[in-house]
Structures are given as C-alpha cells and as structure tokens.
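# Breakdown of the fold
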Amino acid sequence: MVTIVFWASGFVFTGVANNYYSPFTLAFLRMSAASVVLIIVGIIMRVGLPKLKDIPLFLTLGATGFSFYITALNKAMQTITAATAGIMTATVPIMAAVFSSLFLKEKLKPLQWIAVALEFIGIVILNWDNGEFSIVPGFWLMVVAAISFTAYNLLMRKATTKYSATQSTIYSIVASALLLSFVTPMAIREVTSAPLDGLAVVLYLGTFPSAFGFLLWTKAISLTKKLSNVTNFMFVTPLLAALLDIVVTGTISNTATVIGGIVVITGLILFNRFRKD
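Everything numeric here is computed off the predicted structure, so don't read it as measured data.

About the criteria used
Residues numbered from 1 in each chain as written. Predicted model: local features only at pLDDT ≥ 70, side-chain atom pairs only at ≥ 80, totals over all residues. Heavy atoms only, no water. Patch = residues over 30% accessible without salt bridge, like charges linked within 9 Å, V, L, I, M, F, W, Y side chains within 5 Å. Areas by Shrake-Rupley, 256 points an atom, 1.4 Å probe, with all protein chains shown as cover. Salt bridge = Lys/Arg side-chain N within 4 Å of Asp/Glu carboxyl O. Helix = DSSP H or I, 4+ residues; strand = E, 2+ residues; numbered from the N terminus. Buried < 20%, exposed > 50% of the residue type's maximum accessible area, 1.4 Å probe, protein only. Phe/Tyr/Trp six-rings, centres within 6.5 Å; stacked < 30°, edge-to-face > 60°. Contact = heavy atoms within 4.5 Å.

Moving on, we come to a nonpolar patch on the surface. On the surface, Leu239, Leu243, Ile246, Val247, Val248 and Ile252 cluster together into a nonpolar patch covering about 580 Å² of accessible area. In this fold, isoleucine 246 is placed in helix H12 (residues 237–248). Look at isoleucine 246 and you get partly exposed, because its relative accessible area is 39%.

Of note, leucine 179 is situated in helix H8 (residues 165–179). When the C-alpha positions of leucine 179 and threonine 60 are compared, they lie 9.8 Å apart, and in sequence the two are 119 residues distant.

As a further point, take the pattern of salt bridges. Where charged atoms of side chains with opposite charge meet at close range, the side chains can pair. Summed over the entire model, instances satisfying the criterion amount to 1 salt bridge. Ionic pairing is found between aspartate 54 and lysine 162, a salt bridge with its closest N-O pair at 3.2 Å. Taken together, the residues span a long stretch of sequence, with aspartate 54 in the loop between helix H2 (23–45) and helix H3 (55–76) and lysine 162 in the loop between helix H7 (137–159) and H8 at a distance of 108 residues. On the accessibility criterion, lysine 162 (48% relative accessible area) is partly exposed.

The tally for this structure, following the rule as stated, stands at 16 aromatic pairs. Ring centres 5.2 Å apart and planes at 70 degrees place the aromatic pair phenylalanine 58 and tyrosine 163 in the edge-to-face group. With phenylalanine 58 in helix H3 and tyrosine 163 in the loop between H7 and H8, this pair connects stretches of sequence that are 105 residues apart. Neither phenylalanine 58 nor tyrosine 163 differs from the other in exposure class; each is buried. An aromatic cluster is defined as three or more aromatic residues linked by ring pairs; in this entry it consists of Trp7, Phe66, Tyr69, Phe149, Tyr152 and Phe214.

Inspection of the secondary structure puts threonine 81 in the loop between H3 and helix H4 (82–90). Threonine 81 sits in the partly exposed class, given a relative accessible area of 24%. In sequence terms threonine 81 and alanine 241 are 160 residues apart; their C-alpha atoms lie 9.0 Å from each other. Not counting the four nearest positions on each side in its chain, threonine 81 is found in contact with Asp245 and Thr251.

Put into structure tokens, the structure is as follows:
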C-alpha cells in the first residue's frame, strides 16, 4: 500500500514539476535521482552487474518502463489531471493480459472481454466534456505511455527468469537515466534557473515514487502467493491521486472524470474477479 501512495503522489508532483522543467529534462532528472539511490542500494545489497549479452534487454526495459513512459507522462500531465493519469496507468495490468492473449496465446475468458469493453466505455466517458466527445492531446500520450509500460511489464518476465526482481529494477532504471543523458546540457540550464522547490520535487519523484516505489513493489510481488493480491491495490491509485491533487494543488476532478473513473475501475475489478472464477 505504501508503494501505491508513492505512485499516486508521483502523478500529482509530476504536475507540479512541470511548472519548472520540460518533459525530457524532468524525466532525466527523475531517473538520475532514482539511479543514484538504487546504485547505493545495489552496492549495499551486492547485486553485481548484468551480463554483457543482457544489456540490450535492460536498455529496452529502461526505455519502455521509464525513459519513454516517464517522458510521455510528463508531457501528458500538461493537459490532464493526476486522477486521469492514475486511471490510465491502473489499466496496465489489463493491457498486459490482453496483449498476452493476442501475442502470447494466453487465453482470456469471455467475461473478461466484457470487462475490457466496460473499461473502454469508461474511457469514453472520461473524454466527454460539456456534452461532446473531446480528447485532449495528453490523453493520447497517456495511452501511449500505458502501452509502453505494459511492454515493460511483459519484458520484465524474461528478465526475472535470469535475475532477481530487485536486480532487474535497478538495471532498468539506471539504463533509463543513461538513455536520457543526451538532454544533460538542457537539464543543466533548466536546473540552474529553477527555484529550490523545483529541485526538491524532482528529488522526491526520483527517490520515493521511482526508486523506493519500485523496490517495494517488487518486494511485495516476491512475498505474495497470488499476484492479484498485490495488483488489486493499483485500483486505489486514481482515488488517492485525486485526493492528493486536491490537497497539493487544489485541483478538483470534473464529473466526467469521476463517473468515467468509476466505470473503468469497476471494469478492472470485474476483470480480476473473472480471472479467479
């Protein structure tokens, strides 16, 4: 549950950080801060280094799960709320199941497809504004970000057959910082002109939602007997994000976001329920 709180706050503070940094710079600074924390953790835990032949895998994981996902999230958060971002991210486990069905031949039950259709209806409601269907650019970016993060989760299956979840997380996040290092000159300019508040927000995003958030997540997965016992908590993310957004920024979600969110989360819960039946 601590991880979910970290992730929910991550959506809110990403919106705050957007006031100080461009999307690429924010992604680079966030991943760099996370990398420093995780490298220290890695040294303490003596996780070692990945094999040379596996470096392309971790570069791909770093790109899909962090470099591209975080950059797209940063850009999307310029036009959508933290609650909407949380709702879209909460669909990632379902996207992973659907993609597994389409490409990995992992069958879904008919009732699960009905749940997916319900989620789609909820997403349509999310974009219903003043009696018209209207999609802001940030929504499409969030869809792409969610698909990218879904790819990360599917690829992580391969990584964790050779390495521990902790090792895989550390290697992937460090790889993401390296992939984003091309923006270093721009990042230096933006950091030197930003107030201390901006730096504090970035350090928080890198340390808690990214570094500790993912370490705690992988630890929870390793301890649970059923993966659904952990992933079910993701359904709380949009609600926490919406509440934190009110406290931190004073932003209140509109009616379409609330109703659409309820429909999407209902679909998510039913999907998981049908999986057990």
